[in-house]
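So the chains spell out like this:
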Amino acid sequence: LVPRRWKRHLMPRWELLVRGTPAMKGSYVICPKGRPFTVGKDRYYRVRDLFLKPDEPERAARWKHAIELAVLEAGRPKHPLAGVPITISATFYLHRPKKPEHALPVGRVGDLDKLQRKAGDVLTGVYFVDDSQVADWHASKRYEDADHPEGAVIVIESLDPQQPDLVTDQNS
């Protein structure tokens, strides 16, 4: 354990172990909500009768909740870091199919930038004020194995050693 008075001289670092099925920041599906009008055999909808619905909202909500639980386990700062450059390293562990085509997950198993966006959206406002503070973002995706179950390991670090009073609040 580090004495409390020393903590302000260390660069803040949090490591999240997220358990669950990683979900992407989904695309949206256009859904009609009114009655169509027909022209010949074709059906059309007015623009005002269309709305955007997130694709797979239940899966994304479960993943968001898993990240929030990992935040509670890892601790969080009393206040999000403001005006400080941040680096994030994330490794997403995805479900291994019975017969994978490649050693690494490629194809229809998960889009890495969408996985990043979903994690970043949940972490914004908790560890940092705005996602524009992220100066470095290292991300990778792997298949789950015995040492790494399905989920993610996310490490958030401040790149500013002069950041004052960043004592972690475990009760928030």
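The model shown is predicted, which means the values in this text are computed figures rather than measured ones. (Residues numbered from 1 in each chain as written. Predicted model: local features only at pLDDT ≥ 70, side-chain atom pairs only at ≥ 80, totals over all residues. Heavy atoms only, no water.)

Engineer: Sorry if this is basic, but what is going on with the overall build of the chain here?
Structural biologist: On a plain count of helices and strands, the chain comes out with two helices and 10 strands. Starting at the N terminus and ending at the C terminus, the chain contains elements arranged as β-β-β-β-β-α-β-β-α-β-β-β. For the chain, with 172 residues in total, the buried portion stands at 30%. When contacts within the chain are restricted to residue pairs at least 6 apart in sequence, those whose partners lie at least 24 apart make up 85%. Put simply, the chain shows about 11,500 Å² of open surface, and 52% of that area lies on carbon and sulfur atoms. (Helix = DSSP H or I, 4+ residues; strand = E, 2+ residues; numbered from the N terminus. Buried < 20%, exposed > 50% of the residue type's maximum accessible area, 1.4 Å probe, protein only. Contact = heavy atoms within 4.5 Å. Areas by Shrake-Rupley, 256 points an atom, 1.4 Å probe, with all protein chains shown as cover.)

Engineer: Is there a simple way to think about the side chain of Thr87 in this case?
Structural biologist: Structurally, Thr87 is set in strand β7 (residues 86-94). Exposure remark for Thr87: the relative accessible area of 9% places this residue in the buried category. For Thr87, the side chain forms a polar contact with the main-chain oxygen of Asp136, separated by 3.5 Å. Apart from residues no more than four positions distant in its own chain, Thr87 is found in contact with Asp136, His138, Val155, Ile156, Glu157 and Leu159. (Polar contact = N/O pair within 3.5 Å; in protein donor to acceptor, adjacent residues only side chain to side chain.)

Engineer: Can you help me understand helix α2 (residues 112-123) in this one?
Structural biologist: Count 3.6 residues to each turn of an α-helix, and residues three or four apart come out pointing the same way. Look at α2: 17 Å from first C-alpha to last across 12 residues, which is about the 16 Å you get at 1.5 Å a residue. Among the residues of α2, those classed as buried are Lys114, Leu115, Gln116, Lys118, Ala119, Gly120, Val122 and Leu123. On its buried face, α2 sits against β1 (13-19), α1 (57-74), β7, β8 (134-143) and β9 (151-158). Count one or two residues on from α2 and you reach Gly125, which has phi positive near 90°. (Expected span 1.5 Å × (residues − 1).)

Engineer: Would you mind going over the pattern of salt bridges with me for this structure?
Structural biologist: Where charged atoms from two side chains of opposite charge come close, those side chains can pair. Within this structure, the stated rule accounts for three salt bridges. Residue Glu15 is joined to Arg13 by a salt bridge in which the shortest nitrogen-to-oxygen separation is 3.6 Å. We classify Arg13 as partly exposed; its relative accessible area is 47%. Glu73 serves as the salt-bridge partner of Arg19, at 3.1 Å between the closest nitrogen and oxygen. Of this pair, Arg19 sits in strand β1 while Glu73 sits in helix α1, and the two are 54 residues apart along the sequence. Like Glu73, Arg19 is exposed. (Salt bridge = Lys/Arg side-chain N within 4 Å of Asp/Glu carboxyl O.)

Engineer: How should the confidence of the model for the chain be read in this particular structure?
Structural biologist: Residues shown with low pLDDT carry predicted positions that ought not to be read at fine detail. When pLDDT is averaged across the chain, the result is 81; 83% of the residues are at 70 or more. For the stretch residues 164-172, pLDDT sits under 50, and the model shows 16 contacts to residues farther than four places along the chain or on other chains. (pLDDT = per-residue confidence, 0-100.)

Engineer: Just checking my understanding: could you explain the nonpolar core for this structure?
Structural biologist: If you look at soluble globular proteins, the nonpolar side chains tend to sit buried side by side. In this structure, Leu16, Val18, Trp63, Leu123, Tyr127, Ile154 and Ile156 are the most contacted members of the largest nonpolar core, which totals 26 residues. Listing elements by their share of this core, those giving two or more residues are β1, α1, β7, α2 and β9. Ranked by the residues each element gives to this core, the list is headed by α1, at five residues. Setting aside residues up to four positions removed in sequence, Val18 forms contacts with Trp63, Ala66, Ile67, Ala70, Glu150, Gly151, Ala152 and Ile154. (Core = buried A, V, L, I, M, F, W, Y, C linked by side-chain atoms within 4.5 Å.)

Engineer: Is there a simple way to explain the sheet that holds β1 in this structure?
Structural biologist: One key point about sheets: their strands pair by backbone hydrogen bonds, in either a parallel or an antiparallel sense. One open sheet accounts for four strands, arranged β1-β9-β7-β8; its pairing is mixed. Looking at strand neighbours, the two that pair on one side only are β1 and β8, the edges of this open sheet. Adjacent strand axes in the sheet meet at a mean angle of 10°, parallel and antiparallel pairs treated alike. Pairing of β7 with β8, which is carried by nine bridges, proceeds in the parallel orientation. Directly across from Phe92, in β8, lies its bridge partner Lys141. Together, β1, β7 and β9 form the strand contacts of α1, whose direction differs from that of β1 by roughly 135°. Each of β1, β7, β8 and β9 touches α2; the most contacted strand, β8, lies at about 125° to it. (Pairing = 2+ DSSP bridges. Axes fitted to C-alpha atoms, helices over the stretch in contact; angles between N-to-C directions.)

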